[in-house]
Amino acid sequence: MQIRWNLAIRERYSMEYSYFPELYPDELLYSACARYQMNIGKPAQKLYIEKLFDVRSCCAITDFPSHLSSFVAKIAQSHNTVETILNNHTNYPYYRPFIPKETAQKVRHYMLSPNNGRRIHMSLGITACSIPKPKFLKYCNNCVLHDLGTYGVSYWRRVHQLPGVYLCPLHSSVLNNSNILISTIRGKHDFIDFNTVYKATNAEVKIEFESEMSDIAKSSLDILNLKCEDKICKETLREYYLADLDSKGYVTGNGRLRFKMLIADFTEFYSSSFLRTLKSNIEEDSEDTWLHKLLRKSKENCHPLRHILFTKFLGVSLNDLTLTRRPESFGYAPWPCLNKTSTHYKESVVQNCVITTGSKTKKPTGHFICDCGFIYIRTGPDLSYADRFRIGRIQSFGPIWLQAAQELHSNHNLSQREKAKRLGVDSKTFVRMIKKGEKQKYTKVQKKVIGSRSGKAHQKKSPARVNWQERDQAMSVKVFAVVTKILDEVKPTRITKSEIVKRGQLHSSINYYPSKLPDTKLVLSQVIESLEEFQMRRIDWALKQLKDCNELKKWKVLKLAAITSKCTEQVRNYLDRRLD
C-alpha cells in the first residue's frame, strides 16, 4: 500500500504544471522556487526537486542553477524562456562579459543540461579565486518594505548576493545578513523562502568606504542588466583596456605596458586598506599581480569585481565602451614613400617602420625606411589618414634624392626656391646638402634594420650606472622642500605623491624603482596626506579665516573648507572638537 501511494505521488509530481509564481525583477530563481514550495504546501523535498527539475539529485543553488531546460519545459510559461531565466534570474550575465566566448558558451550549456552543474564554478574559476563568495544570503530593509507594499511578499535579489556588494544599489543602505547559508552540505536540497526568515530591523549600520562601496554596488547592478549580446568578452575587453591605457600614456611606442607606473597610479587612486577589504590588494614590487593577469593574455579569468575596480580607475563603464581593435601608433604596413624624386612617390611600398619612444614627449616616434634609401621620421600616433603623408623630419635622403638634387642644381633655368620645392625641402636644406654632399650616416635605426637583415645582433651601448644612494639622498631633500612650500601656501593644497613629483620635477625612478630609493619612499609615506587628514587641515585653515567672525557656525566652516555632508565621522568629530 505504501509503495503504491509513493508511485502515485511521483506520477503526480512528474507531470507538467501550469502554475508557477511570477518572477519579480532581479529575483533569484532559487527565491521563486522557494516561494513556489511554500505555496503548494511544502511536499517531500526530493519529490519537490523532481517536480521542478525532473531529477531528484539537483541541489538548491543560488547563483548558477543547472537543469534549466527541464525546468522551463516543466513550467510551460511562454514569457519565461531559457534566455529570460538565464539573463534575469541567475548570475550568468555578471560573469559573461569577463570570460572568453568559449567559456561562456560552455557555462551556458552546463546550466541548461541535466548532468554538468558541478562543473560551472570550476569553469569560471570561482573555486580558485581569492575573492570569497558571501557566506549568508543578504537583503535590504528598504527593498523589503517596497516589495511588501507592491507585491505583498518579498524575495532574494541577485545583486545583493554578489561578492563585494555591501550596500543596496537602489537605496544605498547597508545590507543585512540573514541566517541562511549560501553554501551548505546539510540541507543542500532545501529552498528557503525569504518571507519565512525575514526579521525587520531599524538599526542603522555604517561601513567603511561608503561612497566607494555604493559605486561598486551600482556598477554590479549595471553589469547584471547589461545587454551586451555576447559582443563583449574577455578578449575584446582587453583590447579596449590597452587602447585606453595607450591614450593615457601607459603604453610605450613598442606596445609594452608601463606596469610600474600603472600600479603606482592605481594604488594611489585606491587606498591599500580599501583594496584589502575587497581582497584585491596589489604589491607594488610584484610582477604577477591580478592587474598583470587582467591585461596580459592570461588563461586565468579575473573576477568581475576587479574589472569594476579597473574600469572605475579608467573613468569608464561597460555601457560606454566602443570596442574596436586597438590601433597601432602608425597604422599597418605598407606605408607611403614620401621621396618626391622617386618613381613611387606616395605609393604604399615602405615595409619597414621602427618605432621608438620619445625621451621627452614619451610619444611613439616612427622611423619609415624605404628601399630607395629615403628615411623620414614622424611623431605619432596618427589620428587620421592624412597623417600617413606627414613628415616630421628627414633622417636620410638616399642616393636617388641626391642624384636628383645634383641634376636640379645644374639646371640654371630654375630658381633656388623652385628646386627646393621639387625636392620637398626648404631652400636652406637644399643649399646645405649641395655644399656638403651627403655623408651616409648609419644611425641607430639604420643599424637596427641592417643588422636584422644581415642576421647580426643589434648591440646596444650599456647605459651609465646610476648612483642610487646619491639620487635617493638628493630626492628626499627635494621632497621635504616641496612639502614645506605647499604647507606655506595661503590656500591649502593636498599633499599627494603626484603633486610632489610634479612640483619637485622628481625623476620617474620614484615610480618605477621605489625599492632603490628607501629614504625617499620613507619620507613620502610620512608626508602624504589621506583625504581625511587634508579635510582636517582645511578645517584648521577655515577656522583661521573666520576667527574674527562674531558667531562661528558649523555650516560656515564646512562651506569655506569645501567639505560636503558626506565626509567621514572622523572629520565630523574633529570639527566638533575644534568648535568646542
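Residues numbered from 1 in each chain as written. Predicted model: local features only at pLDDT ≥ 70, side-chain atom pairs only at ≥ 80, totals over all residues. Heavy atoms only, no water.

A short note on unusual backbone geometry
Inference 1: Between Ala333 and the following residue, Pro334, the backbone shows a cis peptide bond with an omega angle of 0 degrees.
Inference 2: Within the secondary structure, Pro334 sits in the loop between helix H15 (304–314) and strand E3 (335–336).
Inference 3: A cis amide bond links Gly380 with the next residue in sequence, Pro381, at an omega value of 0 degrees.
Inference 4: Residue placement: Pro381 occurs in the loop between strand E7 (375–379) and strand E8 (393–396).
Inference 5: In this model, Phe209 sits at a positive phi of 55 degrees, which is unusual for a non-glycine residue.
Inference 6: Residue placement: Phe209 occurs in the loop between strand E2 (176–181) and helix H10 (210–224).
Inference 7: Positive phi, normally seen in glycine, also occurs at Lys346, with a value near 65 degrees.
Inference 8: As for its placement among the helices and strands, Lys346 is situated in the loop between E3 and strand E4 (348–350). (Helix = DSSP H or I, 4+ residues; strand = E, 2+ residues; numbered from the N terminus.)

Brief notes about the environment of Val144
Inference 1: Here Val144 is to be found in helix H9 (residues 141–150).
Inference 2: Along the primary structure Val144 and Ala200 are separated by 56 residues, whereas in three dimensions their C-alpha atoms are 9.0 Å apart.
Inference 3: In this structure, Val144 is in contact with Tyr139, Ser154, Phe194 and Tyr198, ignoring residues within four places of it in sequence. (Contact = heavy atoms within 4.5 Å.)

Observations regarding the layout of surface pockets
Inference 1: In this structure, the largest pocket spans a volume of roughly 2100 Å³.
Inference 2: Phe209, Tyr270, Ser271, Ser273 and Ser530 are the residues nearest the centre of the largest pocket, which is lined by 50 residues in total.
Inference 3: Looking at the lining of the largest pocket, the element that brings in the most residues is H10, giving six residues.
Inference 4: For the lining of the largest pocket, a count of residues per class yields 15 nonpolar, 15 polar and 20 charged. (1 Å grid on protein atoms, 1.4 Å probe; cavity = no way out; pocket = protein on both sides within 12 Å on 5 of 7 lines; lining within 4 Å. Points joined across faces, edges and corners; volume = space filled by probe spheres on them. Nonpolar A, V, L, I, M, F, W, Y, C, P; charged D, E, K, R; others polar.)

Side note on empty space enclosed by the protein
Inference 1: Scanning the model with the defined rule gives four cavities of 30 Å³ or more in all.
Inference 2: Counted as a void, the largest cavity has a volume near 120 Å³.
Inference 3: If you go around the largest cavity, you meet 13 residues; those closest to its centre are Asp63, Asn91, Lys133, Gln161 and Pro163.
Inference 4: Its residues assigned to classes, the lining of the largest cavity comprises eight nonpolar, three polar and two charged.

Section: the packing of helix H20 (residues 468–488) against helix H21 (residues 497–504)
Inference 1: The geometry of H20 relative to H21 is characterised by a closest axis approach of 10 Å and an angle of 105 degrees between their N-to-C directions. By the angle between their directions, the pair H20 and H21 is classed as roughly perpendicular. Judged by residue contacts, Lys478, Val479, Val482, Val483 and Ile486 of H20 engage Glu499, Ile500, Arg503 and Gly504 from H21.
Inference 2: Its residues placed into classes, the contact of H20 with H21 shows five nonpolar, one polar and three charged. (Axes fitted to C-alpha atoms, helices over the stretch in contact; angles between N-to-C directions. Parallel < 35°, antiparallel > 145°, perpendicular 65-115°, else oblique.)

Here we look at the pattern of salt bridges
Inference 1: According to the stated counting rule, one finds 18 salt bridges in the structure shown.
Inference 2: Across the pair Lys312 and Asp215 runs a salt bridge whose closest N-O atoms are separated by 3.1 Å. Here Asp215 lies in helix H10 and Lys312 lies in helix H15, a separation of 97 residues in the sequence.
Inference 3: For Asp215, a relative accessible area of 31% gives the class partly exposed. (Salt bridge = Lys/Arg side-chain N within 4 Å of Asp/Glu carboxyl O. Buried < 20%, exposed > 50% of the residue type's maximum accessible area, 1.4 Å probe, protein only.)

Digging into the packing of aromatic side chains
Inference 1: Counted by the stated rule, this structure contains 30 aromatic pairs.
Inference 2: Taking the centre distance of 5.4 Å and the plane angle of 40 degrees together, the rings of Tyr30 and Phe191 count as tilted. Of the two residues, Tyr30 is situated in helix H2 (residues 29–39) and Phe191 in the loop between E2 and H10; the sequence distance between them amounts to 161 residues. The pair formed by Tyr30 and Phe191 is uniform in burial state, with each residue classed as buried.
Inference 3: With centroids separated by 4.8 Å and ring planes inclined at 90 degrees, the aromatic side chains of Phe269 and Tyr270 adopt a geometry described as edge-to-face.
Inference 4: Residue class for Tyr270 comes out buried when judged on its relative accessible area of 3%.
Inference 5: Site record: aromatic cluster; members linked through ring pairs are Phe209, Tyr241, Tyr250, Phe266, Phe269, Tyr270, Phe274, Trp290, Phe310 and Phe313. (Phe/Tyr/Trp six-rings, centres within 6.5 Å; stacked < 30°, edge-to-face > 60°.)

Quick word on the sheet that holds E7
Inference 1: Read across the sheet, four strands follow the order E5-E6-E7-E8 without closing on themselves; strand pairing throughout is antiparallel. Each end of this open sheet is capped by a strand with a single partner; those strands are strand E5 (352–357) and E8. When the angles between neighbouring strand axes are averaged without regard to direction, this sheet yields 25 degrees.
Inference 2: Two strands pair when backbone bridges link them, and E7 and E8 are joined in this way by three bridges, in the antiparallel orientation. Its bridge partner lying in E8, Tyr376 is registered against Ile394. (Pairing = 2+ DSSP bridges.)

Fair warning: the whole summary comes from geometry, so function is off the table for now.
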